[in-house]
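The chain contents come next:
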Amino acid sequence: MMKKMSMSTSKTSLVLFLCQIISALDVPLDSKLLEELSQPPTITQQSPKDYIVDPRENIVIQCEAKGKPPPSFSWTRNGTHFDIDKDAQVTMKPNSGTLVINIMNGGKAEAYEGVYQCTARNERGAAVSNNIVIRPSRSPLWTKEKLEPNHVREGDSLVLHCRPPVGLPPPIIFWMDNAFQRLPQSERVSQGLNGDLYFSNVQPEDTREDYICYARFNHTQTIQQKQPISVKVFSMDSLNDTIAANLSDTDIYGAKPVTERQPVLLTPTGSTSTKVELRGNVLLLECIAAGLPTPVIRWIKEGGELPANRTFFENFKKTLKIIDVSEADSGNYKCIARNALGSVHHVISVTVKAAPYWITAPRNLVLSPGEDGTLICRANGSPKPSISWLANGVPIAIAPEDPSRKVDGDTIIFSHVQERSSAVYQCNASNEYGYLLANAFVNVLAEPPRILTPANKLYQVIADSPALLDCAYFGSPKPEIEWFKGVKGSILRGNEYVFHDNGTLEIPVAQKSNAGTYTCVARNELGKIQNEVQLEIKDPTMIIKQPEYKVIQRYGQVSFECIIKHDSTLLPTVTWLKDNDELPDDERFLVGKDNLTIMNVTDKDDGTYTCIVNTTLDSVSASAVLTVVAAPPTPAIIYARPNPPFDLELTGQLERSIDLSWIPGDENNSPITSFVVEFEDALHEPGVWRYQTEVPGTQTMAQLKLSPYVNYSFRVIAVNRIGRSQPSEPSEQYLTKSASPDENPANVQGIGSEPDNLVITWEPLKGFQSNGPGLQYKVSWRQKDVDDEWTSVIVANVSKYIVSGTPTFVPYEVKVQALNDLGYAPEPSEVIGHSGEDLPMVAPGNVQVHVINSTLAKVHWDPVPLKSVRGHLQGYKVYYWKVQSLSRRSRRHIEKKILTFRGNKTFGMLPGLEPYSSYKLNVRVVNGKGEGPASPDKVFKTPEGVPSSPSFLKITNPTLDSLTLEWGSPTHPNGVLTSYTLKFQPINNTHELGPLVEIRIPANESSLILKNLNYSTRYKFYFNAQTSVGSGSQITEEAVTIMDEAGILRPAVGAGKGYSEILFATSPVMHTVRPTFYKVQPLYPRIRNVTTAAAETYANISWEYEGPDHANFYVEYGVAGSKEDWKKEIVNGSRSFFVLKGLTPGTAYKVRVGAEGLSGFRSSEDVFETGPAMASRQVDIATQGWFIGLMCAVALLILILLIVCFIRRNKGGKYPVKEKEDAHADPEIQPMKEDDGTFGEYRLFSFVSSAPI
């Protein structure tokens, strides 16, 4: 709570307003968040204050509001409660406060005229709408009147009055004839703002009987018309003819001819008038004059100018229109009507008043319990509006008291709010011209932190560019935000990062090393939450070969190159522009991958061509100029760099300036565009030329600024579109006079290197900055905050001075001033330094360790006194090391780990601990000198965790139906092992997995024999260990049972997919999952186990493939050790074998297998050798005795079989019943085979385990 102080009310309000800015919570516009937070009602939509309705349609009075919980609605009419349930014509929309009054079914709009106000209320407060005045529109008929014809003499003025009926809102007036055509208007004839039709002077063509005034009522979509008005104009010629026909010849009579008249104002009347207009409205002033000739109107503002950009003239300058008027537009406006005979004027005194308008409208306030805040309601107007407050729609004077609330005029001050302080406050600012009503709620929330940035959001930036990682958050009280690199990284600090108030982490210059995972942690006293985002750093896009300046002859061909280098993950697009616009739509322009070619060049192709390379993250460009020249005469014109200037001359020598002139060399057919002037300082840097200035190519002289004590020489280089010339010969030398230094050394620092000294360093002045000989430095220092005199010493032109005998680590004021033989430089500024640091004297105390889980602990300590640090406190270091593993009693080499916590932090997290282990730690304070003494060692232990994967899994001794598994215990058991779990399942040729079998194995086993497996079947095994905490990571392996030695395939279930039928019975240590298949895509395509079986002239190649289906294979082969190209054979279909034919006997070949469409994907090489060539004896086999004997034996055997079959058939075809049953077995008891080729039932698996001896 703020103590009462003797200060003005305005100062108090200002201080509290600043407090509000500092402490009030900002609620992000996150729809999900807003739906979850409790919130007082807010009016979101309402009907206008002055609401004119169509009496023929239903009346809809809008009132929409939002809040949490959703608000309920009620209405007042003319200041009293409006019970809509008692009026059958009135309904309220569901989940809304909008009223619908049914007029179309018998209701009368006039019966519902009045002032309505809506209230939206929930448990946190009540918001109210404006007073909505409902009035039905009116479009009354014209009153009948008898209109006499208007007889007017030519040249006289005339006003035709419209006098429309009074409607709501007022009608729009226009004049038309009987044919519904608008009457033409001009400077002479025009319609006034009141709807009357004014004639400055009538002409004979104005005679007509159908001047009709129309009134259009927009709300009711109706048009009313006045009775036609007749106008008859008498000209002087026709009037004289009429008179002459009725008089005798002796009578002398004649009508006066039309006489010209000076202007007279028809409206407004008199010489002055007044008008009041409201701020923000449109000011309309009108002057219409009679006269002959027709007067011209001009407007001026007395004592000022008409406002620019807001002033318009309408109705042939008879109407002055000023939009968006303000108080500054008040004053006297004069209209002047003038013709050839004279003028007349009228002054309109304009006063601009103002309905209330906001200076500071009250804003919603979200606070945490115990915080302070203010609601400010400031409005202006003319006259000054009065301010009144309401709470939940009730005048604050009679509202329930709130001890945290204090009203101070246009400000409500809240101190130490609680959740019951939530309410909606209304501010009403009113004067005689209107009112403003604003709702602003005070919402007191206690919410744990929430992070609104999506999890694992990916940010991609270009290297060396800023990276902004968002961490949008909300909480009450406002959470603290911390960032970490990686999942277990330390908190980010230092100049490398910028931490924004909205939670955003900025890396000003992102490098490749900054890529990775970043964790944002938000915490307040109610909780903690974290979120991870990913940062990828991309290589910048570069144009490694830019387009170059080209001069090309007309009708020639030219090409610009634009070769780029970009990040491999970004897709660049290259665009060419000509003179910063698109290339002409011309087939002569050919855009290639990295060039632009222009064929048959013409003069219009002359210009600047730009190559622009865009990616999703960056953009680069490069330009070159194309100059098109005429075909050269004979000999051809040669364009070259200009010749160097010559005859350099120095004139107008002064102490700090000199004039240099020269004569240009030959420009070589390309105009000189500029001259570059360089200088040499022979006194300090002989032989080094530096840039001085550059002047346009039309100048041959330059005035150069000089520095004291420099021996100058100058040279000039000419530049044209082709390039730079050689430098000119140097000018004569000019030595400027010496002077005292103009500046002092930069980067002055005071840092001690030992506990009893102060090292003062600076950057020495360069030679030409010395301004004279004898450059030295005056070094001064004194101890800060001590009433001490400056101690000074003058040193030579060095960059360091050491002050000895200083106290340890005390602040000093330091300054360094340059001087030479002619005097001192200006007084230098002072910097603060410190004498040397010493090691800290005290160790942190009260070290406590809190073990969070098996790999993480939190350590706390008490800070050391700052005086004992004896230097800049850089932080604390925690040394911790593993003493022993609780599961293995053997000790090992102690490896100490160190974590550094920056600043005056008193706690830290120890990540990466090993489970089930004993640790020790100590804490030391660190300054710039080093570390202080260590605290006493603190012992702590980590609980058990899950084990690592088994150290190995080997599968040996494959047979037809069994495999032997051997394994090693986990390298890191992280506790006491309780068991192992083995899971395995078969895999067919299309990479489908069969049912999964799980076996639990005691922890003391190290091998296992699985029996009753399918022959020639691949199995996948998953193996892991368990502790009491849970299962560790698994190790996987695959193995294949061997093929049936007889080479005869047994009937198999799913034979089309490479699986045999397996039967098994479950046991207490074994269970199966549901026997269904699912597709398994290999982690990556691969071809392995390439095997060869070679003969003399051919070889059978086979392989195993894992990857996408329908791969097209090929076999490449060649002579081993040869540099000849590989020969390639295409494999038909997706078979996994191929026969190479036509090989040379006794030759070593190399072979490999690949898959079409998979770039760079092939197997490793295999080497095989064909068999030696056999000697050919060219003997006919049909003449060999052994072959003839074999054929005779076969024929005899076939004859005996035929005789046996004939005898059995003659006995009636009898055969044993058992054979018949086997031949016609019941299909229901046949081994089941699934239609889709998947597994049927299983055979029993048996296994034998053995413990290590």
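These numbers come from a predicted model, not from an experiment.

**Student:** Help me get a handle on the overall build of the protein chain, residues and values and all.
**Tutor:** The helix and strand tally for the protein chain stands at 5 helices and 96 strands. Expressed as a percentage of the 1253 residues in the protein chain, the buried residues total 40%. In the protein chain, the share of contacts with a sequence separation of at least 24, taken over all contacts with a separation of at least 6, comes to 66%. Put simply, the protein chain shows about 69000 Å² of open surface, and 52% of that area lies on carbon and sulfur atoms.

**Student:** Kindly report on the environment of valine 1139, identifying the contributing residues and their values.
**Tutor:** On the secondary structure map, valine 1139 appears in strand E93 (residues 1137-1140). Here the alpha-carbon distance between valine 1139 and serine 1102, two residues 37 residues apart in the chain, equals 8.8 Å. Every residue in contact with valine 1139, bar those within four places of it in the chain, is listed here: Tyr1098, Ala1099 and Asn1100.

**Student:** Give me the lowdown on the side chain of aspartate 87, citing residues and values where you can.
**Tutor:** Mapping aspartate 87 onto the fold places it in the loop between strand E6 (80-81) and strand E7 (90-92). Buried charge without a salt bridge: aspartate 87, with arginine 77 as the nearest opposite-charge side chain at an N-O distance of 5.8 Å. Here tyrosine 112 takes part through its side chain, which lies 2.9 Å from a polar atom of the side chain of aspartate 87.

**Student:** Describe the sheet that holds strand E55 (residues 607-614), listing the residues and the values that go with them.
**Tutor:** Reading across from one edge, E48-E56-E55-E51-E52 is the order of the 5 strands in this open sheet, with mixed pairing throughout. The open sheet terminates on both sides in strands that have one partner only, identified here as strand E48 (550-553) and strand E52 (581-582). Where strand E51 (residues 573-578) lies against E55, 6 bridges are found, and the strand directions are antiparallel. Bridging from a neighbouring strand, lysine 578 pairs with tyrosine 609 of E55.

**Student:** Describe the packing of aromatic side chains, listing the residues and the values that go with them.
**Tutor:** Under the counting rule described, the total for this entry stands at 24 aromatic pairs. Residues tryptophan 967 and phenylalanine 1023 carry aromatic rings whose centres are separated by 4.7 Å and whose planes lie at 45 degrees to one another, so their mutual orientation is tilted. Taken together, the residues tryptophan 967 in strand E80 (residues 963-970) and phenylalanine 1023 in strand E85 (residues 1018-1026) connect sequence positions 56 residues apart. Taken as a pair, tryptophan 967 and phenylalanine 1023 share a single burial class, namely buried. Ring centres of phenylalanine 984 and tyrosine 1019 lie 6.4 Å apart, and the angle between their planes is 65 degrees; this geometry places the pair in the edge-to-face category. One end of the pair, phenylalanine 984, is in strand E81 (residues 979-987); the other, tyrosine 1019, is in strand E85, with 35 residues separating them in the sequence. Taking relative accessible area as the criterion, phenylalanine 984 reaches 2% and is therefore assigned buried. Assessed through its relative accessible area of 1%, tyrosine 1019 is described here as buried. Following the ring pairs from residue to residue traces out a cluster consisting of Phe174, Phe180 and Tyr214.

**Student:** Which residues make up the state of the cysteines, and what are the values?
**Tutor:** The tally for this structure, following the rule as stated, stands at 6 disulfides. With its sulfur 1.9 Å from that of its partner, cysteine 162 forms a disulfide with cysteine 213. Between cysteine 162 and cysteine 213 the sulfur-sulfur dihedral comes to about -65 degrees; the bridge is accordingly left-handed. Taken as a pair, cysteine 162 in the loop between strand E13 (158-160) and strand E14 (172-176) and cysteine 213 in strand E17 (residues 208-217) lie far apart in primary sequence, 51 residues in all.

**Student:** Give a description of unusual backbone geometry that names residues and reports values.
**Tutor:** Of note, the amide linkage connecting serine 382 to proline 383 takes the cis form, showing an omega dihedral of 0 degrees. Relative to the helices and strands, proline 383 resides in the loop between strand E31 (378-382) and strand E32 (386-391). The step from serine 476 to proline 477 runs through a cis peptide bond, and the omega angle for that step is 5 degrees. Tracing the backbone shows proline 477 in the loop between strand E41 (473-476) and strand E42 (480-485). For tyrosine 555, which is not glycine, the phi torsion reads 70 degrees and is therefore positive. If you trace the backbone, tyrosine 555 turns up in the loop between E48 and strand E49 (558-561). Owing to a relative accessible area of 59%, tyrosine 555 belongs among the exposed residues under this scheme. The phi dihedral of asparagine 974 falls on the positive side, at around 55 degrees, and the residue is not glycine. With respect to the helices, strands and loops of the structure, asparagine 974 is situated in the loop between E80 and E81.

The rules behind the values
- Residues numbered from 1 in each chain as written.
- Predicted model: local features only at pLDDT ≥ 70, side-chain atom pairs only at ≥ 80, totals over all residues.
- Heavy atoms only, no water.
- Helix = DSSP H or I, 4+ residues; strand = E, 2+ residues; numbered from the N terminus.
- Buried < 20%, exposed > 50% of the residue type's maximum accessible area, 1.4 Å probe, protein only.
- Contact = heavy atoms within 4.5 Å.
- Areas by Shrake-Rupley, 256 points an atom, 1.4 Å probe, with all protein chains shown as cover.
- Lys, Arg positive; Asp, Glu negative; His and termini not counted.
- Salt bridge = Lys/Arg side-chain N within 4 Å of Asp/Glu carboxyl O.
- Polar contact = N/O pair within 3.5 Å; in protein donor to acceptor, adjacent residues only side chain to side chain.
- Pairing = 2+ DSSP bridges.
- Phe/Tyr/Trp six-rings, centres within 6.5 Å; stacked < 30°, edge-to-face > 60°.
- Disulfide = S-S within 2.5 Å.

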